[in-house]
Amino acid sequence: MRVIARDAPIVVLTGAGISRESGLATFRDKDGIWAKVRLEDVATPEAFARDPARVHAFYNARRRQLRDPAVQPNAAHLALARLSQEWPGGVTVVTQNVDDLHDRAGTANLIHMHGELTKARCTACGAVMPWLEDLSLDTRCPACGATGTLRPHVVWFGEMPLAMDRIYAALDACALFVSIGTSGAVYPAAGFVAEVRGRARTLELNLEPSKGSQLFDEAIHGPATVLVPAFVARLLGPA
Ligand code: BV8
């Protein structure tokens, strides 16, 4: 890929594939999360209204996994964090992931468009707070005192993703859009490449071609821990 001007802004979109080599399952791979449970049963507001205990159990298990010492940011997260800190033109990292691996890697300008597993939101008072423990219908909101009103601060299907204005402003201004570790199956994230193509250079780094692969100027396939450090070294020089 032609190197871009050092004052050119970059937007990077990441998905579950960037966390795969840290030991977190993706969604649509054959051993993925949606191969074990239906998204309609655990990742929609209707599912939460119908069976909140089941939805809490689904997210409690994933939140607990983040506390496993074996789950650490990998070389892709760390290289991307370095790029976000050092690239003169500025980097906005938009992640669909609700894990905290980009945060723990020290990524600057990070936007969790689908929310964060390590936060809870009160449906009574709207407070959003860091939350690492299990949630249940017995959990009391520390802000308003209500019981059973806390939900995971994640964006379910049918809900509006977060910070969309900030994301579209970054997309409008970018000269390079890089998509890493996402199948291009979920909108509006899957539509970002169409939003910028023709105006910005577009690059896909993924284990295999995504659904939108043909929309990218360039697509390189392989594991994120190999492709992302190589991509960052091409822009910044060796670490
Ligand atoms: C909304 C959070 C609108 C919770 C998630 C058109 C326009 C707008 C909306 C829609 C539309 N068409 C359909 C919709 C509705 C829906 C949608 O897109 N449905 C799909 C299934 C068709 N979209 C929505 O509902 C969104 N909301 O549009 O609201 C609105 C408008 C007005 C008013 C109100 C609302 C909300 C979507 C967010 C849902 N929440 N997650 C949680 O995590 O539990 S989505 C979920 O999928 C995750 O966030 C995940 O990140 C996301 C995308 O999946 P990927 O990250 O791409 O993961 P996947 O497994 O699919 O792929 C992994 C990739 O990695 C693979 O390609 C694999 O090859 C690669 N890989 C594997 N290993 C590696 C690797 N790559 C590199 N290295 C490796 N080692």
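That block above? That's the structure.
Residues numbered from 1 in each chain as written. Predicted model: local features only at pLDDT ≥ 70, side-chain atom pairs only at ≥ 80, totals over all residues. Heavy atoms only, no water.

> Residues and numbers for the side chain of Arg63, please.
Here Arg63 is to be found in helix 3 (residues 52–66). There is no salt bridge for the buried Arg63, and the closest opposite charge comes from Asp134, which lies 4.8 Å off by N-O distance. Separated by 2.8 Å, the side chains of Arg63 and Asn60 make a polar contact. Once residues lying within four places of it in the same chain are set aside, the contact partners of Arg63 are Leu117, Trp131, Leu132, Glu133, Asp134, Leu135 and Pro152. (Helix = DSSP H or I, 4+ residues; strand = E, 2+ residues; numbered from the N terminus. Buried < 20%, exposed > 50% of the residue type's maximum accessible area, 1.4 Å probe, protein only. Lys, Arg positive; Asp, Glu negative; His and termini not counted. Salt bridge = Lys/Arg side-chain N within 4 Å of Asp/Glu carboxyl O. Polar contact = N/O pair within 3.5 Å; in protein donor to acceptor, adjacent residues only side chain to side chain. Contact = heavy atoms within 4.5 Å.)

> So what's going on with the site of the ligand? Which residues, and what values?
Taken together, 35 residues form the shell around the ligand, and within it Arg28, Arg62, Val155, Thr182 and Ser183 come nearest. Between the ligand and the protein, one listed contact pairs an oxygen atom with a side-chain N or O atom of Ser183 at 2.6 Å. When the free accessible area of the ligand is taken as 1,500 Å², the share hidden by the protein chains comes to 77%. Residues of the shell around the ligand, tallied by class, amount to 16 nonpolar, 12 polar and 7 charged. (Near = heavy atom within 4 Å. Areas by Shrake-Rupley, 256 points an atom, 1.4 Å probe, with all protein chains shown as cover. Nonpolar A, V, L, I, M, F, W, Y, C, P; charged D, E, K, R; others polar.)

> So what about the sheet that holds strand 6 (residues 150–154)? Which residues, and what values?
Within the open sheet, the 3 strands sit side by side as 5-4-6. Their pairing is antiparallel. Looking at strand neighbours, the two that pair on one side only are strand 5 (128–130) and strand 6, the edges of this open sheet. Neighbour to neighbour, the strand axes of the sheet diverge by 45° on average, direction disregarded. Note that strand 4 (residues 115–122) and strand 6 share 5 bridges and pair antiparallel. Residue pairing for strand 6: Ala120 is matched across the bridge by Pro152. Packed on one face of the sheet, helix 3 meets strand 4 and strand 6 and runs near 60° to strand 6. (Pairing = 2+ DSSP bridges. Axes fitted to C-alpha atoms, helices over the stretch in contact; angles between N-to-C directions.)

> Before we move on, can you summarise the packing of helix 4 (residues 75–86) against helix 8 (residues 224–236) with the specific residues and values?
Between two packed helices, the angle of one axis relative to the other and the distance separating the axes together describe the packing. At a minimum axis separation of 7 Å, helix 4 and helix 8 run at an interaxial angle of 20°. Considering their axes alone, helix 4 and helix 8 lie roughly parallel with respect to each other. Where helix 4 crosses over helix 8, the handedness of that crossing is left-handed. Contact with helix 4, carried on its side by Ala75, Ala76, Ala79, Leu80, Arg82, Leu83 and Glu86, involves Ala224, Thr225, Val228, Pro229, Phe231, Val232, Leu235 and Leu236 of helix 8 and no other residues of that element. Tallied by class, the residues present in the contact of helix 4 with helix 8 amount to 12 nonpolar, 1 polar and 2 charged. (Parallel < 35°, antiparallel > 145°, perpendicular 65-115°, else oblique. Left-handed = near helix turned anticlockwise from the far one by under 90°.)

> How would you sum up unusual backbone geometry? Please name residues and give values.
Omega for the peptide link from Tyr187 to Pro188 comes to 0°, which places this bond in the cis form. With respect to the element layout, Pro188 can be found in the loop between strand 7 (176–180) and helix 7 (192–196). With a phi angle near 50°, Asn109 is a residue other than glycine that sits in the positive phi range. Inspection of the secondary structure assignment puts Asn109 in the loop between helix 5 (101–105) and strand 3 (110–112).

> Go over the sheet that holds strand 7, please, and point to the residues and values.
The 6 strands are arranged 3-2-1-7-8-9 in an open sheet whose pairing can be described as parallel. With partners counted over all chains shown, the strands left at the sheet margins are strand 3 and strand 9 (218–221), one partner each. Between one strand axis and the next, the sheet turns by 15° as a mean value, whatever way the strands run. The pairing of strand 2 (residues 91–95) with strand 3 spans 3 bridges and is parallel.

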